[in-house]
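# Structure at a glance
Each chain, letter by letter, is given below.
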Amino acid sequence: MAGTLFIISAPSGSGKSTLVNEVRRLVAGLEFSVSYTTRRPRGSEEDGREYHFISRERFEQMIAADGFLEWAEVFGNYYGTALSALDTAREHGADLLLDIDVQGALQVMEKMPEAVSIFILPPSPEVLERRLRNRSQAEGVANEAVIQTRLSEARTELRKIEEYRYALVNDVLDQAAAEMRAIILVARGEASPAEGDLAAQCITGARAPRLEAALACFGLMTADL
Ligand code: ADP
Ligand code: 5GP
């Protein structure tokens, strides 16, 4: 494709959607792939905006027709990126952002090793739990079982962090947005030296103190990964 493919993954509730929306405000020429899912719409979500909401039967037909770049079952529902998202971004000469889970991200990294992968993590399990609770209250759905599943899933996903080129700790939103913007500008070859330094500090292998501190809060050290 003409532009760069960015793969973004994060444990649910880390603030990935919030961060991606902020970055899209700051950086032009970024297209967002609207995934297909069999889960029901949440809160104010609209078909075709956050997701294409489809039945399991229709999803399975798309799998059989090789309609997906990647797909996975997450929390009991199917989620997938249509192959056509790549064509659309190519036609527009835009960069494409995929917000997908770890299983889907690993599939795309294998098929498209040139893709730039970014893992977003919350600063601690306590902050993640608070964000999950705030969001479910705001949406009028307080489901304790869902919150607990997502918290335990977060630890499993974090174990894959070293597969990603970059890791961002979403503590202060403006800072995380500036870091993601810098990563995008580096991939485009448009970064200033200061933006280049900022992006370099987010390389997962650089093991920045903020990253080590967040992983330690989850009971993980980079040496364990
Ligand atoms: P995700 O897309 O990762 O599941 P959301 O973007 O829906 O997460 O964010 C989960 C909750 O956390 C939301 O209520 C959001 O407003 C809040 N949030 C996101 N980023 C931050 C941040 N940096 N600081 C404080 N709250 C945040
Ligand atoms: P949610 O239901 O909270 O919107 O998303 C749950 C999980 O599904 C998140 O980790 C999100 O990144 C992931 N997800 C969303 N779209 C896709 C997709 O197209 N493919 C894959 N593999 N995961 C997705």
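The notes below deal with the structure included here. For clarity, every value in this text was computed on a predicted model and none was experimentally measured.

## Quick notes on the site of ligand 2
For ligand 2, the set of nearby residues contains 18 residues, the closest of which are Lys16, Ser35, Arg39, Tyr51 and Tyr79. Contact distances for ligand 2 include 3.3 Å between an oxygen atom and a side-chain N or O atom of Arg42. Here an oxygen atom of ligand 2 and a side-chain polar atom of Thr81 are 3.4 Å apart. The residue makeup of the shell around ligand 2, split by class, is six nonpolar, five polar and seven charged.

## Some thoughts on helix H3 (residues 84–92)
The set of residues buried in H3 consists of Ala85, Leu86 and Ala89. The buried residues of H3 all sit within an arc of 100° when viewed along its axis, so they share a single face. Buried-residue contacts for H3 involve strand S1 (5–9), strand S2 (30–32), strand S5 (68–74), strand S6 (77–82) and strand S7 (95–99). Of the residues flanking the end of H3, it is Gly93, one or two places downstream, whose phi is positive at about 60°.

Conventions adopted
Residues numbered from 1 in each chain as written. Chains lettered and ligands numbered in written order. Predicted model: local features only at pLDDT ≥ 70, side-chain atom pairs only at ≥ 80, totals over all residues. Heavy atoms only, no water. Near = heavy atom within 4 Å. Polar contact = N/O pair within 3.5 Å; in protein donor to acceptor, adjacent residues only side chain to side chain. Nonpolar A, V, L, I, M, F, W, Y, C, P; charged D, E, K, R; others polar. Buried < 20%, exposed > 50% of the residue type's maximum accessible area, 1.4 Å probe, protein only. Helix = DSSP H or I, 4+ residues; strand = E, 2+ residues; numbered from the N terminus. Arc of directions from axis to C-beta. Contact = heavy atoms within 4.5 Å.

By themselves, these are just geometric observations and shouldn't be taken as functional.
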